[in-house]
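# Survey of secondary and tertiary structure
Each chain is listed here by its residues.
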Amino acid sequence: MFDTLAPDPLTDNTMSLNSMLHRARFLLLTLLLAPLIIGPAFTARADEEAERPVIRWYYQNFPPIHIITGEDAGQGFADKAISYMHARLPDYDHLKVLTSATRIHNEVRTRENACHLGLFKTPEREEYATFSEPLIEVLPNRVIALKSNRDIFDPYLTNAEEIDLPRLLASGKFLYGVDSGRFYSSNINRLLADKSRAEGKVELVDPRLGALIARGRISYGFAFAFEAAYRFRQLDEADSYFTLPIAGEPEFLQNYVGCNKSAFGAAVVESVNKIAADVRLAHRRFYREWLDDDARTDFDTIMARHDAHPDPRDSEAKTRRGGN
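So, how was this worked out
- Residue numbers run consecutively from 1 along every chain, following the written order of its sequence.
- Totals for whole chains, interfaces and linings use all residues, but because this is a predicted model, local features are given only for residues with pLDDT of at least 70 and pairs of side-chain atoms are given and counted only at 80 or more.
- Values shown for side chains rest on all heavy atoms present in the structure; no hydrogens or waters enter the calculation.
- All axes here are fitted lines through C-alpha atoms, helices being fitted over the stretch that makes contact, and every angle between N-to-C directions spans 0 to 180 degrees.
- Segments assigned H or I by DSSP are reported as helices when at least four residues long, segments assigned E as strands when at least two residues long, and all are numbered from the N terminus.
- If an angle is under 35 degrees, it is roughly parallel; if it is over 145, roughly antiparallel; if it lies from 65 to 115, roughly perpendicular; otherwise it is oblique.
- Take the far helix as the reference: if the near one is turned anticlockwise from it by less than a right angle, the crossing is left-handed, and if turned clockwise, right-handed.
- In what follows, residue pairs with any heavy atoms lying within 4.5 Å of each other are defined as contacts.
- Ten residue types, Ala, Val, Leu, Ile, Met, Phe, Trp, Tyr, Cys and Pro, are classed as nonpolar, four, Asp, Glu, Lys and Arg, as charged, and the remainder, Gly among them, as polar.
- What counts as a disulfide here is a pair of cysteine sulfur atoms lying within 2.5 Å.
- Every helix has an expected span of 1.5 Å times one less than the residues it contains.
- Think of it in three bands: residues with accessible area under 20% of the maximum for their type are buried, residues over 50% are exposed, and the middle band is partly exposed, with areas taken using a 1.4 Å probe on protein chains only.
- By construction, the arc corresponds to the directions joining the helix axis to the C-beta atoms.
- Stacked, edge-to-face and tilted labels apply to pairs of Phe, Tyr and Trp rings (six-membered ring for Trp) whose centres lie within 6.5 Å, assigned for plane angles under 30 degrees, over 60, and everything in between, in that order.
- For this document, the term salt bridge refers to a Lys or Arg side-chain nitrogen within 4 Å of an Asp or Glu carboxyl oxygen.
- Joining through side-chain atoms within 4.5 Å is the link that ties buried Ala, Val, Leu, Ile, Met, Phe, Trp, Tyr and Cys residues into a set, and such a set is a nonpolar core.

### Observations concerning the packing of helix 9 (residues 276-288) against helix 10 (residues 293-308)
Describing two packed helices takes the angle between their axes plus the distance from one axis to the other. Running from N to C, helix 9 and helix 10 cross one another at 165°; their axes reach a closest spacing of 11 Å. As summarised for this structure, helix 9 and helix 10 are arranged roughly antiparallel, according to the angle between their axes. For the element pair helix 9 and helix 10, the recorded crossing hand is left-handed. Taken together, the residues of helix 10 that come into contact with helix 9 (itself represented by R284, Y287 and R288) are R296, F299, D300, M303, H306 and D307. Counted by class, the contact of helix 9 with helix 10 contains 3 nonpolar, 1 polar and 5 charged residues.

### Quick notes on the state of the cysteines
If you walk through the whole model with that rule in mind, you get 1 disulfide. Covalent S-S linkage joins C115 and C259, the inter-sulfur distance amounting to 2.1 Å. Here the disulfide of C115 and C259 is right-handed, its torsion about the S-S bond being about 110°. Separated by 144 residues along the polypeptide, C115 in strand 3 (residues 114-119) and C259 in strand 11 (residues 253-260) bring together distant segments of the chain.

### Section: helix 10
Look at helix 10: 23 Å from first C-alpha to last across 16 residues, which is about the 22 Å you get at 1.5 Å a residue. Those residues of helix 10 not exposed but buried are A295, F299, I302, M303 and H306. Down the axis of helix 10, the buried side of the element spans an arc of 100°, and every buried residue falls inside it. Facing away from the buried side of helix 10 by over 90 degrees, the exposed positions are D293 and A308. Those residues of helix 10 that are buried lie in contact with strand 5 (136-138), strand 6 (142-146), helix 7 (225-234), strand 10 (241-244), strand 11 and helix 9.

### Regarding the packing of aromatic side chains
Scanning all chains against the criterion turns up 19 aromatic pairs. Between F153 and Y220, the ring centres sit 5.8 Å apart and the planes meet at 80°, which makes this aromatic pair edge-to-face. Separated by 67 residues along the polypeptide, F153 in the loop between strand 6 and helix 4 (165-171) and Y220 in strand 9 (residues 220-223) bring together distant segments of the chain. With a centroid separation of 6.2 Å and 75° between ring planes, the pair formed by Y176 and F222 is classed as edge-to-face.

### What to know about the packing of helix 2 (residues 77-87) against helix 9
Where helix 2 meets helix 9, the axes come as close as 9 Å, and the angle between the chain directions of the two elements is 155°. In terms of orientation, helix 2 and helix 9 fall into the roughly antiparallel class. Crossing of helix 2 over helix 9 shows right-handed handedness. Packed against helix 2, whose contacting residues are F77, K80, A81, Y84 and M85, the element helix 9 presents D278, V279, A282, H283, R285, F286 and Y287 at the interface. Looking at the contact of helix 2 with helix 9 residue by residue, the class counts come to 8 nonpolar, 1 polar and 3 charged.

### Details of the pattern of salt bridges
Scanning all chains against the criterion turns up 19 salt bridges. Of the charged contacts in the structure, one is a salt bridge between D93 and R52, with a shortest N-O distance of 2.7 Å. Within this pair, whereas D93 is found in strand 2 (residues 93-98), its partner R52 is found in the loop between helix 1 (9-50) and strand 1 (54-59), the two being separated by 41 residues in sequence. Taking the relative accessible area as the measure of exposure, R52 reaches 33% and is therefore partly exposed. R150 is the salt-bridge partner of D294, the closest N and O atoms lying 2.8 Å from each other. Separated by 144 residues along the polypeptide, D294 in helix 10 and R150 in the loop between strand 6 and helix 4 bring together distant segments of the chain. Here the salt bridges do not stand alone but share partners, grouping D179, R182, E227 and R231 into one network.

### A short note on the environment of Y84
Assignment of secondary structure puts Y84 in helix 2. Overall, Y84 belongs to the buried group, its relative accessible area being 18%. Measuring from C-alpha to C-alpha, the distance between Y84 and A282 comes to 7.8 Å, with 198 residues separating the pair along the chain. In this structure, Y84 is in contact with D278, V279, A282, R285 and F286, ignoring residues within four places of it in sequence.

### A few points about the nonpolar core
Counting 55 residues, the largest nonpolar core has M85, L117, L135, V257, V268 and Y287 as its most contacted members. Leaving out residues up to four positions away in the same chain, M85 has contacts with W57, L117, L135, V257, V272, I275 and V279. If you look at the next biggest cluster of nonpolar residues, it comprises 21 residues, including V143, L157, L169 and I246.

### Let's talk about helix 2
The buried fraction of helix 2 is high, at 8 of 11 residues. Taken residue by residue, helix 2 has F77, A78, D79, A81, I82, Y84, M85 and H86 as its buried positions.

### Some points on unusual backbone geometry
Put simply, P63 and P64 share a cis peptide bond, and its omega is 0°. When you line up the elements, P64 lands in the loop between strand 1 and helix 2. Here the phi dihedral of E161 falls at roughly 60°; this positive angle occurs in a residue that is not glycine. Here E161 shows up in the loop between strand 6 and helix 4. Positive phi, normally seen in glycine, also occurs at D236, with a value near 55°. You can see D236 is positioned in the loop between helix 7 and strand 10. You can call D236 exposed: its relative accessible area is 71%.

Written out as structure tokens, the structure reads:
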């Protein structure tokens, strides 16, 4: 009875061979048909990605606007703002290009797909660049000094709690640092132009302003509030300094996305303008992280006033009111 269930060696081998041939034919058929089934979908996806236009975003190393080295690399406030903006422009591929300030302007002038986040608008630049709505708002240059010396500035404050720079400079009582060859503003540079070392002016050929103030070698200097924050953080002196606004300077400065003046550049700017309000608010959050308490309070007050009563010439910075 059990013998009838025993396998027939010949029959079993034949079945195994047939099964192997069947599987081989199926595998061959699958390989032949795969390009026809998968190919069109893969090709369409590749073509779609290949057809997405590329924007070349030029930027320079200027901490903490852009930070390219150290533990804070990529954490500059413009680093965060540009990443935020790129995520909201999915119809483009974005290529970041680190370069010099001079090359930024040359590329925007000559390369069709060149753009820059943070371009100041001037009549000369409008000859070769298309500008977005204002995206970036920053405080102008301020006086930087140690908190321990705060009282020495009281005699030189206006009713609006701003530094009366002509009176401060004319006193001749304090040494102050000036970055050699730097353009601060028309107002500040005009006041500094004819000053000498005998009148307290110390020309700096490298970015030592924070260190000289921290060590008591000079009493004050001039910089953007965000620059001061970065320099004093590098010295582990983040809480030792403060900043004051300068009478006669604009309340705030605005700048833009600037792209090559071409059909491509105009299309990019049109896309940017659709998300401009969101990018502007995001940038404010990122920027505030790099302000001292005084500057942050000033910035919040100015932005609240500006939002409540926008300047109809929104492309221009507003001039401070209340200075004597």
